[in-house]
Amino acid sequence: MESARLLIARQRELQVLDACLTSARSGQATVALIRGESGIGKSRLAETLIEQARRSGVLVALGHCTPVSGGELPFGPFVEMLSQIAAAPDSPEEVAGTTWELLRTVLTVSGPSSGVASPDVGLGRSRLFTSVLWVLHHLGERQPVMAVVEDIHWADSSSLDLLNFLARTAGQERLLIVLTCRDDALARDPHTRRAIGNLSRADVSRDIHLKPLTANQVRQLLATSDVQLPATQHNKVIDLCDGNPFIALELAGTRRRAAGRRPIRTARGRGARAVHPARGPGELHRKHGRQQRGEPSPPH
Ligand SMILES: Nc1ncnc2c1ncn2[C@@H]1O[C@H](COP(=O)(O)OP(=O)(O)OP(=O)(O)O)[C@@H](O)[C@H]1O
Ligand SMILES: [Mg+2]
């Protein structure tokens, strides 16, 4: 995937997110829901916030929801986030003790299985949910926590329930939950749409809707991207991309290659794979998978 070095526009949205982080720091748990069509820049905005938050001493955990055929991956993004927390230098075992141990076992974060049944069939969900809250509480006593869950339009129902529980009970925790959602993908799934609707209506929630970039912003994007499309061709891309940065960058890349000039430089230098540096090849697979399932995908 093509990319641009600088974050273009989105300053107002970053300010809203920064205000959410300030609230979370001061003990007012907040949920920020970043919405918008595919390719509009939800992940890029979240990545920028993650960098800023990490620099300012926030503990960040990032989980992804992935589409799976024939069933669900219960608590998929939470398992991913708890693995990161477990791998952090200061072990949470000291802060959250036996509750952390329980979570580790139930969500199979690491270590040998203890034979405890999955939370869906055995252990009470309320106990599991309370344990997550308890661990977040103890982590938050040391440093503010930001949990980022990407692509919740693909979330499993257990994760959506847990997110809704946290949005309603985290109250005074030093916690910011950031969610990204491709809201056009919700049309086909009433259950997920309802769960995300509930989340966005929670008192602590802030909705951040990303609009298309203006023509000037797309021009800036092209001028600062790694694609190096000649400026004489910018207008054509601006006309075709509808303000969508993903489409703009892909079109620019296609035109640049068609021009048969020297190989495209990526952020990692000449000859590196054209993959978004912050995400790696998984994202390419996801976008490809989306096309195979007939879901909307930006034209090339
Ligand atoms: N404001 C921006 N400034 C610079 N580049 C941007 C901006 N917004 C998006 N991009 C670039 O556009 C491409 C698509 O953005 P991104 O992956 O964040 O979209 P998305 O909304 O998360 O899409 P999806 O719904 O498919 O996950 C990426 O290469 C990203 O770096
Ligand atoms: Mg994304």
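Our subject in this report is the structure included herewith. Note that the coordinates shown come from a computational prediction; the quantities given were computed from them, not determined experimentally.

## Examining the environment of Val149
Step number 1: Turning to its location among the elements, Val149 is positioned in strand β3 (residues 145-150).
Step number 2: Note on Val149: 27 C-beta atoms within 10 Å, which makes it buried.
Step number 3: Note: C-alpha distance between Val149 and Phe78 (71 residues apart in sequence) is 8.4 Å.
Step number 4: What Val149 contacts, discounting residues up to four positions off in sequence, is Gly63, Cys65, Pro77, Leu163 and Leu179.

## Comments concerning the sheet that holds strand β5 (residues 205-209)
By definition, the strands of a sheet pair up through backbone hydrogen bonds, in either a parallel or an antiparallel sense.
Step number 1: If you trace the 5 strands from one edge of the open sheet to the other, you get β2-β3-β4-β1-β5, paired in parallel fashion. Two strands lie at the open edges of the sheet, namely β2 (59-64) and β5, each paired on one side alone. Neighbour-to-neighbour, the strand axes of this sheet turn through a mean angle of 15°, independent of strand direction.
Step number 2: With 5 bridges joining them, strand β1 (residues 30-35) and β5 adopt parallel strand pairing.

## Re the pairing of β1
Step number 1: Among the 6 residues of β1, 6 are classified as buried, and the element is accordingly described as predominantly covered.
Step number 2: By the alternation rule, side chains of β1 split into Thr30, Ala32 and Ile34 and Val31, Leu33 and Arg35, which are all buried.
Step number 3: Sheet topology places β1 next to strand β4 (residues 175-181); 6 bridges connect them, and they run parallel. Paired with Ile34 across the two strands is Thr180, which belongs to β4.

## Some thoughts on unusual backbone geometry
Step number 1: Phi is positive for Arg10, close to 60°, though the residue is something other than glycine.
Step number 2: By secondary structure assignment, the location of Arg10 is in the segment before α1 (11-25).
Step number 3: Residue Arg10 is classed as partly exposed on the basis of its C-beta count, with 19 C-beta atoms lying within 10 Å.
Step number 4: The backbone of Gln228 sits at a positive phi, close to 60°, despite the residue not being glycine.
Step number 5: Secondary-structure assignment places Gln228 in the loop between α8 (215-224) and α9 (234-241).

The rules behind these values
- Residues numbered from 1 in each chain as written.
- Chains lettered and ligands numbered in written order.
- Predicted model: local features only at pLDDT ≥ 70, side-chain atom pairs only at ≥ 80, totals over all residues.
- Helix = DSSP H or I, 4+ residues; strand = E, 2+ residues; numbered from the N terminus.
- Buried ≥ 20, exposed ≤ 12 C-beta atoms within 10 Å, placed from the backbone.
- Contact = placed C-beta atoms within 7 Å.
- Pairing = 2+ DSSP bridges.
- Axes fitted to C-alpha atoms, helices over the stretch in contact; angles between N-to-C directions.

Purely geometric stuff here, so don't read any function into it on its own.
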